[in-house]
Amino acid sequence: MATQIADRPAAEAPAGRALPANLEAEAAFLGAVLIDNRLLEDLTVPIRPEHFFEPLHARILDRVMLLLDRQMVVTPVTLKPYFEADPAMAELGGTGYLARLTADGQGLLAPRELAQQIYDLALLRELVTVGRELVENALDTSDEVEPMRQIEEAEAALFRVAEGAGGGSEAESFGQAAKQAIKLVEAALNSGGHVAGKTTGFTSLNDKCGGLHDSDLIILAGRPGMGKSSLAMNIAYNCAARLKRDREEGIEKSTGAGVAVFSLEMSKDQLATRILAEQSGIPSEALRMGKLSREDFHELSRASNRLNDLPLYIDDTPALTIGALRTRARRLKRKHDIGLIIVDYLQLLQGSNRSQDNRVNEISEISRGLKTLAKELQAPVIALSQLSRAVEQREDKRPQLSDLRESGSIEQDADMVWFIFREDYYVGAKEPDVNDQQAYESWRTKMDSIYGLAELIVAKQRHGSTGKVRLRFEAKITRFSDLAEGDYPAGYD
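Please read all numbers here as calculations on a predicted model, not as lab measurements.

> Got a minute to help me understand the nonpolar core in this structure?
Soluble globular proteins: nonpolar side chains tend toward being buried together. With 75 residues, the main nonpolar core has Ile219, Leu370 and Trp418 as its most contacted residues. The element that contributes the greatest number of residues to this core is helix H11 (residues 228-248), accounting for eight residues. Non-local contacts of Leu370, meaning those with residues more than four positions away in its chain, are made with Leu217, Ile322, Leu325, Val343, Leu346, Leu349, Val381 and Ala383. Ranked by size, the runner-up nonpolar core spans 32 residues in total, among them Ala28, Leu43, Leu56 and Leu123.

Laid out in structure tokens, this is it:
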């Protein structure tokens with residue numbers, strides 16, 4: 001059946017060896033599909049035209065999929081008009097080759113096994129390509145000797161192979177892209193009309209942004225003391241806990257996700273202490289100093305039990321390069337299928353070129369690298385960022401996009417920019433002398449009205465409108481929570 005194709009000279013692998021392929025398996029599988037079109041719906045592997053070694057076979061499957069998408073029945077007869085002028089088909093005696101594919105029906109005996117073998121051989125060919133490029137690059141010392149960069153690039157290529165043969169992004173028709181968009185809308189509808197992506201755990205924020213969207217880069221910025229690390233960890237816990245709960249309840253399509261936190265500033269135990277404080281309701285200071293009652297300890301134990309098997313992974317390696325962070329994120333994706341990445345914080349990452357003395361260019365490389373990571377892993381990335389001191393010089397301390405520190409590329413690369421702002425932090429720092437009774441009473445009245453209130457300012461959003469989300473912040477246990485509209489003081493802007 002496929003002997004004429006098999007007799008052609010095969011493409012060469014290194015050392016003159018033929019690339020791994022099974023043309024007979026490809027022909028038998030196509031024959032089975034032409035006999036029973038429904039076979040393509042029941043495959044366990046995502047077989048695509050590019051997985052076929054023989055270009056003619058790839059073109060046949062491509063046309064079959066296109067016609068099936070149009071709700072047509074595909075047979076050798078209905079395919080014939082599309083291949084009458086195909087040169088490769090002419091070499092095989094014309095369109096009669098399509099009928100010969102279905103002649104013996106051998107593929108119907110084991111179509112899934114044939115598809116799996118075609119897919120596996122395609123992966124092996126991708127590995128050959130990656131290996132060849134790795135060897136060639138390692139042997140070439142004419143330009144720069146950068147073994148670590150080559151290792152990172154090789155691991156990225158291997159990750160793409162692990163995700164599927166031909167893992168590089170191919171151009172898609174608008175129809176294919178529209179189908180993906182409809183799936184996102186359907187997910188949002190099924191979640192109650194609020195979340196199209198991963199949940200933040202905050203109803204008000206989900207309402208504003210629709211959740212955390214795959215491939216998005218979200219910048220969470222604020223001045224020191226505003227609570228940006230606390231908010232990031234709250235979101236990390238909420239998202240991971242939602243996935244754990246849905247798994248336990250047998251819910252297949254969860255709005256939660258496994259979470260990877262790259263903490264370049266705080267250690268693992270510090271972050272764990274924050275989560276324990278939030279979940280137990282015991283102040284972080286009491287946990288650190290061991291000032292616990294017996295009841296507190298029991299509550300702490302209960303909170304710790306709830307955190308067992310939480311799909312939350314913390315990497316506190318300091319001074320990571322953007323390349324190293326992307327490598328570690330790929331490993332976590334491969335091992336634990338993480339669906340959300342948090343980086344605390346962006347300015348502590350290093351660029352790939354150590355001799356680069358232009359910090360603005362380095363930050364630009366880092367922000368582009370984070371956006372690329374989000375697209376590569378199809379997962380949202382939340383990167384915390386510092387703000388410039390210009391905020392402190394203004395009467396209104398609310399941050400603006402121009403306050404993003406060191407590089408305009410942060411704003412450019414981000415899909416969303418969030419600022420966290422707490423007015424009580426600044427008003428509290430201006431406490432007057434208690435002996436000045438009038439000034440002190442005025443200050444205390446103001447503090448009472450704004451204490452524990454926070455604003456999440458959505459300053460940029462590609463998917464929707466900008467605006468403010470109101471939250472409550474409990475500083476002692478570093479926990480943010482939703483705040484009802486009526487809980488804000490009258491006239492609060």
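Having put the structure on the table, let's press on.
> Explain helix H7 (residues 111-139) to me, please; I cannot follow it from the model alone.
In an α-helix, one turn spans 3.6 residues, which is why side chains three or four residues apart end up on the same side. For H7, with 29 residues, the first-to-last C-alpha span of 42 Å sits near the 42 Å given by 1.5 Å per residue. What H7 keeps buried is the set Pro111, Leu114, Ala115, Ile118, Tyr119, Leu121, Ala122, Leu123, Arg125 and Val130.

> Sorry if this is basic, but what is going on with the packing of aromatic side chains here?
Where two aromatic rings form a pair, the distance of their centres and the angle of their planes describe that pair. Using the criterion set out here, one finds five aromatic pairs in the structure. Each ring, one from Phe29 and one from Phe52, has its centre 6.3 Å from the other, and the planes form 40 degrees; the classification is tilted. Of this pair, Phe29 sits in helix H2 (residues 23-35) while Phe52 sits in the loop between H2 and helix H3 (55-69); the two residues are 23 residues apart in sequence, bridging distant segments of the chain. The exposure class assigned to Phe29 is buried, which follows from its relative accessible area of 0%. Judged by its relative accessible area of 5%, Phe52 is buried.

> Sorry, what's going on with the packing of helix H12 (residues 268-280) against helix H14 (residues 294-306) here?
Think of two packed helices as two axes; the pair is described by the angle between the axes and how far apart they sit. Running from amino to carboxyl end, H12 crosses H14 at an angle of 115 degrees, the nearest separation of the two axes being 9 Å. In terms of orientation, H12 lies roughly perpendicular with respect to H14. For the element pair H12 and H14, the recorded crossing hand is right-handed. Contacts from Leu276, Gln279 and Ser280 of H12 reach H14 at Glu299, Leu300, Ala303, Ser304 and Arg306. Across the contact of H12 with H14, the residue classes tally to three nonpolar, three polar and two charged.

> Help me understand the sheet that holds strand S1 (residues 217-221), please; the structure alone is not making it clear to me.
Sheet strands pair via backbone hydrogen bonds, and the direction of the pair is either parallel or antiparallel. Taking strand neighbours across the sheet as the criterion, the nine strands line up as S3-S2-S4-S5-S1-S6-S7-S8-S9 in an open arrangement whose pairing is mixed. In this open sheet, the two edge strands, each paired with only one partner strand, are strand S3 (312-315) and strand S9 (479-482). The average undirected angle you get between the axes of adjacent strands in this sheet is 25 degrees. The pairing of strand S7 (residues 453-461) with strand S8 (residues 467-474) spans six bridges and is antiparallel. For Glu455, the partnering residue across the bridge sits in S8 and is Arg470. In this fold H11 packs onto S1, strand S2 (258-263), S3, strand S4 (338-344), strand S5 (381-385), strand S6 (416-421), S7, S8 and S9, with an angle of close to 155 degrees to the strand it touches most, S2. Strand contacts of helix H15 (residues 322-336): S2, S3 and S4, with the helix running at about 150 degrees to S4, the strand carrying the most contacts.

What counts, and where the lines are drawn
One numbering rule holds for all chains: residues counted from 1, following each sequence as written. Per-residue local features are limited, in this predicted model, to residues with pLDDT of at least 70; the limit for side-chain atom pairs, both in listing and counting, is 80 or more; totals at the level of whole chains, interfaces and linings are taken over all residues. Values reported for side chains reflect all heavy atoms of the structure, with hydrogen atoms and water molecules removed beforehand. In these notes, a set of buried Ala, Val, Leu, Ile, Met, Phe, Trp, Tyr and Cys residues joined through side-chain atoms within 4.5 Å is what counts as a nonpolar core. Any residue under 20% of the maximum accessible area for its type is buried, any over 50% is exposed, and the rest in between are partly exposed; the area is computed with a 1.4 Å probe on protein chains only. For helices the rule is a DSSP run of H or I covering at least 4 residues; for strands it is a run of E covering at least 2, with both sets numbered from the N terminus onward. When checking whether two residues touch, look at their non-hydrogen atoms; a contact exists if any pair is within 4.5 Å. Helix span is expected to be 1.5 Å times the residue number reduced by one. Here a pair means two rings of Phe, Tyr or Trp (six-membered ring of Trp) with centres within 6.5 Å. Their orientation is stacked below 30 degrees between planes, edge-to-face above 60, and tilted elsewhere. To obtain an axis, a line is fitted to C-alpha atoms, over the contacting stretch when the element is a helix, and the angle between two such axes runs from 0 to 180 degrees between their N-to-C directions. Should an angle fall under 35 degrees it is taken as roughly parallel, and over 145 as roughly antiparallel, whereas 65 to 115 is taken as roughly perpendicular and any remaining angle as oblique. Here a crossing is taken to be left-handed if its near helix is turned anticlockwise relative to the far helix by less than a right angle, and right-handed if that turn runs clockwise. Gly falls in the polar group here, along with every residue not listed as nonpolar (Ala, Val, Leu, Ile, Met, Phe, Trp, Tyr, Cys, Pro) or charged (Asp, Glu, Lys, Arg). Note on pairing: DSSP must find at least two bridges between two strands before they are called paired.

What is shown is where atoms sit, not what they do.
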